[in-house]
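# Structural overview for review
Residues per chain are reported as follows:
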Amino acid sequence: MSQGRIAFQGELGANSHEACMAAYPDMQPVPHATFEDAFEAVRTGDCQLGMIPVENSVAGRVADVHHLLPNSGLKIVGERFKPIHFMLMANPGTTVEDVKIAVSMPIALAQCRKTIRRMKLTTEGVGDTAGAARILSQNPDKTRAAVSPALAAEIYGLEILARDIEDEHHNTTRFLIMTADKDPAPPPFTEPCITSFVFRVRNLPAALYKAMGGFATNGVNISKLESYMENGAWTATFFYAEADGRPEDRGLALAFDELKFFSDEFKVLGVYPADPFRTRG
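Position numbers for residues count from 1 along each chain, tracking the sequence in the order it is written. Given that the model is predicted, a residue must reach a pLDDT of at least 70 before its local features are reported, and side-chain atom pairs must reach 80 or more before they are shown or counted; all residues, however, enter totals for whole chains, interfaces and linings. Excluded from the side-chain calculation are hydrogens and water; included are all heavy atoms of the structure.

The next subject is the overall build of the protein. Runs of E in the DSSP output that reach at least two residues are strands. Runs of H or I that reach at least four are helices, and both are numbered from the N terminus. The secondary structure content of the protein amounts to 10 helices and 15 strands. In terms of overall dimensions, the protein has a C-alpha envelope of 65 × 40 × 35 Å along the principal axes. Here the protein holds 281 residues, and 48% of them are scored as buried. When contacts within the protein are restricted to residue pairs at least 6 apart in sequence, long-range pairs at least 24 apart make up 75% of them. Of the accessible surface of the protein, which amounts to about 13500 Å², a share of 53% is contributed by carbon and sulfur atoms. We count Lys and Arg on the positive side and Asp and Glu on the negative side, and we leave His and both chain ends out. Here the site of a charge means atom NZ of a Lys, CZ of an Arg, CG of an Asp or CD of a Glu. Averaged over its 28 positive side-chain charges, the protein has a centre that lies 4 Å from the centre of its 35 negative ones. Summary of the burial criterion: residues with accessible area below 20% of their type's maximum are buried, those above 50% are exposed, and those between are partly exposed, where the area comes from a 1.4 Å probe applied to protein chains only. The contact rule is simple, with two residues in contact once any of their heavy atoms fall within 4.5 Å. Shrake-Rupley sampling with a 1.4 Å probe provides the accessible areas, and residues are treated as covered by the protein chains on show and by no other component.

Here strand E1 (residues 5-9) pairs with strand E2 (residues 28-32) via five bridges, running parallel. By the bridge assignment for E2, Ala7 is matched with Val30. Here the term right-handed applies to a crossover when the path leading from its first strand over the helix to its second strand runs clockwise, the strands being oriented away from the viewer. Each parallel crossover has a hand, and for E1 linked through helix H1 (residues 15-23) to E2 it is right-handed. When DSSP finds at least two bridges between two strands, those strands are taken to pair.

Once that is clear, we can look at the environment of Gln138. Assignment of secondary structure puts Gln138 in helix H6 (residues 129-138). Given a relative accessible area of 52%, Gln138 falls into the exposed group. For the pair Gln138 and Pro188, spaced 50 residues apart in the sequence, the C-alpha separation amounts to 47 Å.

So this is what it looks like as structure tokens:
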């Protein structure tokens, strides 16, 4: 097993690549085309950790990740919040006046809509923000510029024409850090923690209300509760949730006991330190 590699989805220079470097500067970031590939790299031991985005403050939940988490066989051991900044970059020697087309992922272009409109640029969508920079470096064109993270300019030899062009400067992505270790070391008791879990309530009237009642009566804060369908079954709704605390805390332990009574399935996906960004962000 390679102890020095961390998997991410996307190309070199993507936001996930930057997140890996910021959180684990001594590890080698390893790009993967899909989330499934990134999960598999961790599961097989090719990479020690995975850096997986789960939600964005502007765009919302990252598609597919919630479906992959419960059955991945991986554990969550950390979270990171990363402010997202986009740069307008072009081939060396290109000026702002030369550029006519902004190229990037559609979601990135949407997050920079005001700047792009002010610069009177048309847009062109591609599958990856860093991929837009790579393609431009391989096919120089002064009329085109990529909307990508700053790291992509460094990797692909492009020049930044305009910095931080996103419309919302609070734009932030939350990442979860995954390991294949079945029993990872618990976080220090001196740190506030988050417990991530999934469950499926029994098909009974008010089952969700009853299942969640124990969190209220035991004073446990639920910071996230999201539903998603599994295997296309309308009557079998799964829930992904996050609670403050650790499963061994008395309040959370009692809440889980009540939750399990009204649920067909229940699984803890990870216990990990809360990123300080939660309180300062």
